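# Survey of secondary and tertiary structure
The lines below spell out each chain.
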Amino acid sequence: MDIMQWLTQTPAGEFCFTVLVSMIPVVELRGGIPFGVAQGLPVWTAFLAAVIGNMLPVPFIIVYIRRIFQWMRRRLPWLNSLVDRLERKAHLKGRTVSKYKYLGLILFVAVPLPGTGAWTGSLAAAFLDMPLRKALPSVFAGVLIAGVAISMLTFGVTSLF
């Protein structure tokens, strides 16, 4: 059995595949839960896999993204426009978050709309100099709230069929 067969034809593989899909920016948990259910996972198993996958990159983003951007500016100057765009996005989203601090971060991550989520929330937390020990629980709480909402929507839609 090759890796693709394992990922798509075994429960453990489906769980791992859902974790991987949920790590992707933009897709995150909002796409990971429906993906996992479509792969055959029960809704709450897909929820667990998606939360794990969505949270794995968060501490690295909060701690290292500024250094990564600095490195990219020095070593890969042709990506400066991408870095500028990401920094602008972080600062714009950061204004919303900074007004309410950690509660704002929870709500920002929890709202299941495009442009919100763990990746963008972590980026905003990094640019607002929020310490990891305070930002991480806020992002986690937001991910859990968003996950419950998406799971309920996914369960509602799949129960219709």
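Whatever comes next refers back to the structure up there.
Residues numbered from 1 in each chain as written. Predicted model: local features only at pLDDT ≥ 70, side-chain atom pairs only at ≥ 80, totals over all residues. Heavy atoms only, no water.

### Focus on the layout of surface pockets
Roughly 340 Å³ of volume is contained in the largest pocket. As for the largest pocket, its lining consists of 16 residues, and the residues nearest its centre are P25, V26, K89, W119 and T120. Looking at the lining of the largest pocket, the elements with two or more residues in it are α3 (28-39), α5 (58-75), α6 (80-110) and α7 (118-127). By residue class, the composition of the lining of the largest pocket is 10 nonpolar, 3 polar and 3 charged. (1 Å grid on protein atoms, 1.4 Å probe; cavity = no way out; pocket = protein on both sides within 12 Å on 5 of 7 lines; lining within 4 Å. Points joined across faces, edges and corners; volume = space filled by probe spheres on them. Helix = DSSP H or I, 4+ residues; strand = E, 2+ residues; numbered from the N terminus. Nonpolar A, V, L, I, M, F, W, Y, C, P; charged D, E, K, R; others polar.)

### A word on the nonpolar core
Of all hydrophobic cores here, the largest spans 20 residues; its most connected members are L29, L105, V139 and V143. Top element by residues in this core is helix α8 (residues 132-160). It accounts for 5 residues. Those residues within four positions of V143 in sequence are excluded, and the remaining contacts are L29, V51, N54, M55, V109 and A118. Of all hydrophobic cores here, the second largest spans 10 residues; its members include F69, M72, L79 and A126. (Core = buried A, V, L, I, M, F, W, Y, C linked by side-chain atoms within 4.5 Å. Buried < 20%, exposed > 50% of the residue type's maximum accessible area, 1.4 Å probe, protein only. Contact = heavy atoms within 4.5 Å.)

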